[in-house]
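Reading the structure
Read off the chains here:
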Amino acid sequence: MAKHDKLLREANEETLRYITRRHFLLDCVTGLGAAALGSLLTGCGSSVKPVDFSADPMAPRAPHFPGRAKSVIYLHMAGAPSQLELFDYKPELQKLHNQLCPPSLLEGKKFAFIRGVPKMLGPQAIFSQHGESRAWVSDHLPHFATMADEVSFLKAVQTDQFNHGPAQLLMQTGNARLGRPSIGSWVTYGLGTENSNLPGFVVLTSGGKTPDAGKSVWGSGFLPSVYQGVQCRTKGDPVLFLTDPDGMNRDLRKQSIEAINDINRQEYENFGDPETVARIAQYELAYKMQISVPDVMDISKEPAYIHELYGTQPGKESFANNCLLARKLVEKGVRFVQLYDWGWDSHGTDENLAIDYGFRNKCREIDRPVAALLKDLKQRGLLDETLVIWGGEFGRTPMQENRDGKDMPYLGRDHHVEAFTMWMAGAGIKKGFSWGETDEIGYAAVKGKVAINDIHATILQQLGFDHEKLIYQFQGRPFRLTDVGGHVITPILA
Amino acid sequence: MRSTSTYRAALLVSVVIGIAVTACHSRKRTDFSAEVKPILNKHCISCHGGVKQSGGFSVLFREEALGNTKSGKPAILPGHPERSEFIRRLTCKDPKERMPQKGEPLTAAEVDILTRWVKEGAEWGEHWAYVAPKAVPVPDIKVENGNDIDRFIIEKLQQEGLKPSKPADPMTLLRRVSLDLTGLPPTPAMVTAFTADHSPAAYRRLVDSLLQSPHYGERWAAMWLDLARYSDTKGYERDASRNIWRYRDWVIDAFNQDMPYDSFTIVQLAGDLLPHPTNAQLIATGFNRNTMSNDEGGTQDEEFRTAAVMDRVSTTMEVWQGITIGCVQCHSHPYDPFRFEDYYKLLAFMNNTRDEDTHMEHPKLRLYDSIGLAEVSRISEWVQQHGNTAQVADVQQFMKVLEPKVHAHDCDNYINGALYDTKYLGVRHNGSCRLPAQAIGGKTQLLMNYWTGNKGGALECRLDSLNGPLYFTQALAPASDRTVIAIPLPASTGKHDLYLKFRNTSLKPDDPVCMVEWFAFRDDLPGKGQPGYDAVNAQLLALVNTHPEDVPVMIENPPVMQRATHIFERGNWMVPGKAVTPDVPHSLNPFPAKAPRNRLGLAEWITDPANPLTARVMVNRLWEQIFGIGIVETVEDFGTQGFLPSHPALLDWLAYQYMHEYRWSTKKLLREIVLSSTYQQDATTTPALQEKDPANRLLARGPHFRLTSEEIRDQALAVSGLLNRNMHGRAVMPYQPEGIWQSVWSGEYWKTAQDGNQYRRAIYVFQKRTSPYPSMITFDGSSREVCLQRRIRTNTPLQALVTLNDPVYVETARALAQNMQRNGRNDAAACIRWGYHAAMSKSLPDNKLAILQRLYGQALQQYKKSPDDAKKLLQCKETPPQMAELAALTVVANAIMNLDEFLTI
């Protein structure tokens, strides 16, 4: 009996071990399917025969079932843009403009900044219908409007977090508290990445700030840190510490990595620790990354018509540049590209954060690049296998903000959790479709409600994952991106 | 997926053998923990357990399993498997009835175990980890030069047909034990001394001196700070600085003083509740003030206070008990015997502290300078002379922490006013608000912290309604800084709602009359009417108005401010359920009879030798730090879902020794571990051993794993001679690339230290939660958002980029190269040998020397050709003598500091 227990227990532990972090890499190193990686450095004076290994936790892996999407580009408008000025057209709200908000909308509700009884704020945009789908898009997004037939709108997305930090965390990690892996981490954990010379999960920011919740929104939480997003920057090193020290040229760097790895090979012969082999591979990868990352991050060699299409200016930190980079990155096999554009928090506290000023400028900044991204992906045949997601962390109130119970210097809207608009496109998402409805003033979702973990379930579904089965064992329980919820939004699937 | 197929394959083997084994063995009683519980956990509990109880049936607790199900009858009849629905459903053919409904049917062996178990009475067994460790006999095994630990290890190796490895060479051992105990490589003096000392006691002496090193505390504090989720910022959106480094220093000192682990536990969880707590004991409570707090405008303080308290419950149970309690906030534990209510009963211990997620992080211990301290003792003397003990305690506490006080966020019913930025009370002219349910009975003074730039303000306070009886009026003088004023209160009894009306006719309609941060209702000092009374009163107010250095601490609510604790339905703080009182999970040791039902009692329960987990979890953690893997590999989970210990008897022996022999002395325990011959083994592995024991759980060889992020930084600084060994103090900011900090609304920025502080140890580097120090996070450091029990070591190209290119590491290479050149003179080989020895504390073998010489030659040729490059690499303006040689040595030093052996213990 003792033998039987032991085997049963070992079988059980084997499962656990496979999925615990400590063993993840070890298993990769010593596991089956080890293959020699091609190397820029082989044949450079190494006296030791190349070692077979598969030390790369980012190696491509098959999902649960064939997915429609190979990559994801997620455009997060940090600060939360107003759905009422972009996609959720509410002529009734216009009629109520400047009237006091009916008490029924306020009873039992909490708002971040609205106090007492605010006034209603009519849509500050002109809406018209576009494309064959007759989608309502405002005049803030004239370029995007031409691509409306490519996307599925989700007009009744709901969240339960009305502060930026927690809401961004919920949107990006499935939980409002810090410490969970981000979507991109889950995806690269599940799928690995196609191009080992580039990070599998790349983050690009614009708008002058990181998102409110900081780098945690692309953290790997309890997943191994190898799955955290790698921020690629326009200024300084595109990836931190990518550039060799001043005064060390590429030849010398290559020679020094060869020396390091030659000694490490001897070390491996002495000690036999597979981690040493993994380290040899990582130094080779680092060397390759030093070439491939600056190359992919350089948009100056793109043709003029591409710059015209996106409105890009090489060398600038801009959302447009990031959209073009996103396309280049997925083209090169990067699995998950996450864009954050900061500055959408249109409270009306100052000109930049005003629905009637700053918000329009923000729209102008993203309109052409977003349309260009969809167009460019499409013309390259990439849209069919790239899932594009656009949205903020919550919506904005149909009421005008009256922070501290006062009138504001500019028009603004407070944070709103009950209904907002996002859209998805590409990779098996219906084209020219809209799902979900809000009431006549855009306050509450009435049909086709979508929860944040439904969005996550849908992203994973398109990548070939059953969101209930992509799990990671941590602190004694299995965790998933969708936590204990999540339903795939099947109506928007083609 | 691979995990499933591996599992199935293993299971298949186990079943085949299992059947064979059952067939030829006499039937022993089933073992619930080892046989039954794993089957229930695997097949049944996801539908019939803590989360769901389909059909009204649960197998989490015995009384639930034997109770009536939805059908009205119990599913398990002890002694009668043939009449038990539970057994019938496992084997019946009808797919609608057969269990598990969604999964594969149970194997014959599994059904056999469950059937026998029901027949034997369906007894519930205790999980091994929930039974207190007892004294364990040491295996009777001969070891040479070893200790009792080796007897356990070798016994197991013999069972597995393995042999221990030869001892590591002395210099490897020196480096290993130095890094393990102090986080730093040995100094050249230590290397010389150890090389010269050939006596058998040399290693023992070395260990003892390392345990006495002040760097010992820094190394072990680094481990503890992950558990304490220590950070120099508050977290969330603004993620502003938090001034709590004194807690970090307290941890360093506590390890250095070898504070017994039970005291170490009690002061951190409840130092404030000890009689006459010292400042150090109060600072220790910073453990649970390291929770995140949210300053984002528009956030509800109560929401984040609740989140912090919930984090304290989870963290306390994880750190000291190795059990995950987080899931119990929504439902009973799916696998372990912790009920939904247990979580909230634990929360009730933690739910009565004064901290309320305020921007200013009250309560904070005020660390007065000598002038302030003199004032404090003058006032204390007065109170001691004229008052009773309760008055003394009250006044002393107020001077220390300004508690109890009431925060502006408690106000409601605003008219023409608001909680500005959801932080401070701001009411405009003729506006008002309510401060509800204040126990003002008998209070004689209201202290109010406010500020305003305007003249002519006034505050009027009425009781119980806007038009209620006038309580007081108070003129509000301009005060540019936060100012505390004392408002005399008329006599009153009981609790009242206070209505606060603010006036200032000179203001624009949008301007608030003033900002108020807090209120404190106080008694008069004793000795009223005595000569000197007015002076001492004024002294106290002046003292309250000083701004000494401070540090967040825990302070318990006074009885009048006690919060009731409720269950949160489905874990949602907005939906409180029934009230609960403090208690501990009944599946663990009983609450000590005489212990108070507060945090102090909880700490006593945790450190009670009857507690099955505290000692085991800590010794396992220390073991994991030394050997790279715990005896229980899942250091964070001792529950039924965690791994079984590889050496259960050793774990219990260590736990028992720790409590009873070493009296919770961590140094004694670590000493025993590193003096074992197991620890001193050579680390070489073989393909056969690697195959059999890839994670080195059996310890047939010495430890061999990558250094921590802290050790990697500290080692590079140490071997290059740059390390600044100063201890303690404010966090430091060494070089980090431009543009890393881009926090929203924070206004704080990274200012690279130039005064030598850039070379301090990693433990002193500023920890920002939303923007961790890049090189540390790349090497698997924690971002300290929540308690992290175990860092998982990864191996990535980004790590290579850090040690190759991060200017911090290039600078260390330059510094090492200068030393190499100075010591090796004009002989390149001697320079390289010297550098390697400085890095690794041992001689460079010739084959490695040849490789480094090749690199040196390549670099020298390059820098001779291009002196400009040499200048750039060396960052010098002048041309130093032998510049090309120095630059080439820098390249070699950089390579040495990137070797696998350098990055590995």
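Remember, it's a predicted structure, so these values are computed and weren't measured experimentally.

Looking only at helices and strands, chain A has twelve helices and 17 strands in total. Buried residues in chain A amount to 62% of all 494 residues. Long-range contacts, defined as pairs at least 24 residues apart, comprise 77% of the intrachain contacts of chain A with a sequence gap of at least 6.

The helix and strand inventory of chain B stands at 32 helices and 13 strands. Oriented by its inertia axes, the alpha-carbon framework of chain B measures out at about 95 × 90 × 50 Å. By residue count, 50% of the 905 residues in chain B fall in the buried class.

It is worth spelling out the domain arrangement of chain B at this point. Residue and element names in this part refer to chain B. Segmenting chain B into domains produces domain 1 (29–125), domain 2 (170–212), domain 3 (263–360 + 561–607), domain 4 (400–547) and domain 5 (807–903). One C-alpha centre belongs to domain 3, the other to domain 4; they are set 32 Å apart. Listed by partner, the interface residues are ten residues for domain 3 and eight residues for domain 4. Along the lines of polarity and charge, the residues of the side of domain 3 that touches domain 4 split into two nonpolar, five polar and three charged.

Now for helix 7 (residues 170–182) of chain B. Since there are 3.6 residues in each turn of an α-helix, residues three or four apart along the chain are aligned in direction. All names here are of chain B. Helix length check: helix 7, at 13 residues, gives a terminal C-alpha distance of 18 Å against a target of 18 Å (1.5 Å per residue), a fit within 8%. Burial analysis of helix 7 places ten of its 13 residues in the buried class, the great majority of the element. Among the residues making up helix 7, those that are buried are Leu173, Leu174, Arg175, Arg176, Val177, Ser178, Leu179, Asp180, Leu181 and Thr182. Once helix 7 ends, the next one or two residues include glycine 183, with phi positive near 75 degrees.

All names here are of chain B. Summarising the sheet, strand 6 (residues 457–463) and strand 7 (residues 470–476) pair through six bridges and their orientation is antiparallel. From the neighbouring strand, leucine 459 faces strand 7, where its bridge partner is glutamine 474. The hairpin turn running from strand 6 into strand 7, its antiparallel successor, is six residues long, and aspartate 464 in that turn takes a positive phi close to 70 degrees.

So, about the domain arrangement of chain A. Examined at the domain level, chain A breaks down into domain 1 (1–33) and domain 2 (71–234 + 316–492). Distance between the C-alpha centres of domain 1 of chain A and domain 2 of chain A: 40 Å.

All names here are of chain B. Per-residue confidence for chain B gives a mean pLDDT of 91, with 96% of residues at or over 70. Residue range residues 1–26 is modelled with pLDDT below 50. Its contacts to residues more than four positions away, or to other chains, number 37 contacts. Taken over the whole predicted complex, pTM reads 0.84, whereas the ipTM for its chain interfaces reads 0.88.

Taking burial as the measure, the nine residues of helix 26 (residues 797–805) of chain B include nine buried ones, the bulk of the element. Those residues of helix 26 of chain B that fall on the buried side of the exposure criterion are Pro797(B), Leu798(B), Gln799(B), Ala800(B), Leu801(B), Val802(B), Thr803(B), Leu804(B) and Asn805(B). Those residues of helix 26 of chain B hidden inside the fold are in contact with strand 6 (230–231) and helix 8 (274–297) of chain A together with helix 25 (774–778), helix 27 (807–824) and helix 31 (883–896) of chain B.

Residues and elements named next belong to chain B. For the bond running from histidine 362 to proline 363, omega is -5 degrees, close enough to zero to count as cis. As for its placement among the helices and strands, proline 363 is situated in the loop between helix 15 (340–350) and strand 1 (364–367). The linkage connecting glutamate 403 with the following residue, proline 404, adopts the cis geometry, with an omega of 0 degrees. Unlike most non-glycine residues, asparagine 430 shows phi in positive territory, near 70 degrees. Mapped onto the elements of the fold, asparagine 430 is located in strand 4 (residues 424–439).

If you look at the biggest cluster of nonpolar residues, it comprises 326 residues, and the most contacted ones within it are Ala326(A), Val337(A), Ala887(B) and Val892(B). Considering every element that reaches this core, the biggest residue donor is helix 8 of chain A, with twelve residues. Here Ala326(A) is in contact with Ile73(A), Leu204(A), Val337(A), Leu339(A) and Leu373(A), once residues within four sequence places are set aside. By size, the runner-up hydrophobic cluster in this structure holds 31 residues, among which are Ala408(B), Val427(B), Trp518(B) and Phe519(B).

Relative to the helices and strands, Gly208(A) resides in the loop between strand 5 (201–206) and strand 6. In the structure, Gly208(A) is positioned 79 residues away from Gln129(A) in sequence and 33 Å away in space, judged by C-alpha atoms.

With that out of the way, let us pick up the environment of Ile76(B). All names here are of chain B. In this structure, isoleucine 76 sits in the loop between helix 3 (62–66) and helix 4 (85–91). Exposure remark for isoleucine 76: the 23 C-beta atoms within 10 Å place this residue in the buried category. Excluding residues that lie within four positions of it along the chain, isoleucine 76 makes contacts with Ala65, Leu66, Ser84, Phe86, Val118 and Ala122.

As a further point, take the confidence of the model for chain A. On average, chain A scores 85 in pLDDT, and the residues at 70 or more come to 88%. Counting contacts from residues 14–55 of chain A, a segment whose pLDDT is below 50, to residues more than four positions away or on other chains yields 78 contacts.

All right, on to the packing of helix 29 (residues 846–865) of chain B against helix 31 of chain B then. Residues and elements named next belong to chain B. At a closest axis distance of 8 Å, the pairing of helix 29 and helix 31 adopts a crossing angle of 140 degrees. When the axis of helix 29 is compared with that of helix 31, the two are oblique. The two elements helix 29 and helix 31 meet at a crossing, and its hand is right-handed. For the pair helix 29 and helix 31, the contacting residues are Leu852, Leu855, Tyr856, Ala859, Leu860, Tyr863 and Lys864 in the first and Ala884, Glu885, Ala887, Ala888, Val891, Val892 and Ala895 in the second. Of the residues contributing to the contact of helix 29 with helix 31, the split by class is twelve nonpolar, no polar and two charged.

Conventions we followed
Residues numbered from 1 in each chain as written. Chains lettered and ligands numbered in written order. Predicted model: local features only at pLDDT ≥ 70, side-chain atom pairs only at ≥ 80, totals over all residues. Helix = DSSP H or I, 4+ residues; strand = E, 2+ residues; numbered from the N terminus. Buried ≥ 20, exposed ≤ 12 C-beta atoms within 10 Å, placed from the backbone. Contact = placed C-beta atoms within 7 Å. Domains from an automatic or database assignment. Nonpolar A, V, L, I, M, F, W, Y, C, P; charged D, E, K, R; others polar. Expected span 1.5 Å × (residues − 1). Pairing = 2+ DSSP bridges. pLDDT = per-residue confidence, 0-100. Core = buried A, V, L, I, M, F, W, Y, C linked by C-beta atoms within 7 Å. Axes fitted to C-alpha atoms, helices over the stretch in contact; angles between N-to-C directions. Parallel < 35°, antiparallel > 145°, perpendicular 65-115°, else oblique. Left-handed = near helix turned anticlockwise from the far one by under 90°.

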